[in-house]
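Below, each chain spelled out in residue letters.
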Amino acid sequence: MSQSKSPSAALLCAVALLSLATACAGGDSTAATHTPRPPTGTTSSARQPTPGTPTITTASTTRGTSGGRTTGGADATRCHTSELRASVGRNNPGAGQENFPIVLTNVSSRACTLYGFPGAAFVDASGKQLGPDPKRAADSSPTTVTLAPGRSAWAGLTFANPEVSEARTATPVSLVVTPPDERDPLTVGWTGGKVPVGGNESSVFLTTFSSGTGA
């Protein structure tokens, strides 16, 4: 003899199935719309620049020579200190002035150029400078001088005769000469006697380089 199911048991079973179906549908919906967040501290490898940030570029600069011009290709032909020998020519006095030529000779195997004023300073036996730096003669205009191997150029070194000007004097041991646009100097023994180092009319003047020895 079969036994019929209780109506209340059938109702409970239907309710349970409905609840389970709803729970499963809700879980699928959540998974479909959820977007994972990246871990804290990570950065993107394709980071974009901030709008408006300027682009920084570097530009090359051109160095000026002691003669007052700017150089480009001229640096390639410039005479370097290591390619030169310095000397001081014979005094050519006149009208109360002492005039000595500073001579630079090309001792290298290539032609090179000089342009502008030399640097110069009188020094004592310890290498201490005597008097202020010489001044550039205002009426001396620089030109490019090309020195073939063995050739020379000269620049004038001029000052008032100390016995006439009554300037304070000193007797240098050497004259330190720096070629135009160079940092390394050349040292020449000074045999020209006393030079003005202070007081009345104590200025020493330099001219630009010209071809020859100034003799």
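The rules behind each value
- Residues numbered from 1 in each chain as written.
- Predicted model: local features only at pLDDT ≥ 70, side-chain atom pairs only at ≥ 80, totals over all residues.
- Heavy atoms only, no water.
- Disulfide = S-S within 2.5 Å.
- Helix = DSSP H or I, 4+ residues; strand = E, 2+ residues; numbered from the N terminus.
- Buried < 20%, exposed > 50% of the residue type's maximum accessible area, 1.4 Å probe, protein only.
- Pairing = 2+ DSSP bridges.
- Core = buried A, V, L, I, M, F, W, Y, C linked by side-chain atoms within 4.5 Å.
- Contact = heavy atoms within 4.5 Å.
- Salt bridge = Lys/Arg side-chain N within 4 Å of Asp/Glu carboxyl O.

1. Remarks on the state of the cysteines
Step number 1: Throughout the structure, instances matching the rule amount to one disulfide.
Step number 2: Disulfide partner of Cys79: Cys112, at an S-S distance of 2.0 Å. Here the S-S torsion is close to 90°, and the disulfide linking Cys79 with Cys112 is therefore right-handed. In this pair, Cys79 is assigned in the loop between helix 1 (7-33) and strand 1 (84-88) and Cys112 in strand 3 (residues 112-115), connecting sequence segments 33 residues apart.
Step number 3: With relative accessibility at 0%, the residue Cys79 sits in the buried group.
Step number 4: With relative accessibility at 1%, the residue Cys112 sits in the buried group.

2. Describing the pairing of strand 3
Step number 1: Burial along strand 3 is two-sided: the residues Cys112 and Leu114 and Thr113 and Tyr115 are all buried.
Step number 2: Direction of pairing for strand 3 relative to strand 7 (residues 144-147): antiparallel, over a ladder of four bridges. Bridge pairing links Cys112 to Leu147 in strand 7.

3. Examining the nonpolar core
Step number 1: Grouped together as the largest cluster of nonpolar side chains are 28 residues, with contacts concentrated most on Leu104, Leu114, Phe122, Leu157 and Leu175.
Step number 2: Broken down by element, the residue count for this core peaks at four residues, all from strand 8 (residues 152-160).
Step number 3: In this structure, Leu104 is in contact with Leu84, Arg85, Ala86, Leu114, Leu147, Arg151, Ser152, Ala153, Val177, Pro179, Leu186 and Phe209, ignoring residues within four places of it in sequence.

4. A few points about the pattern of salt bridges
Step number 1: Inspection of every chain in the model, using the stated rule, returns two salt bridges.
Step number 2: One salt bridge in this structure joins Arg78 and Glu182, with 2.8 Å as the shortest N-O distance. Residue Arg78 is found in the loop between helix 1 and strand 1, and its partner Glu182 is found in the loop between strand 10 (174-178) and strand 11 (186-189); the two are separated by 104 residues along the sequence. Neither Arg78 nor Glu182 differs from the other in exposure class; each is buried.

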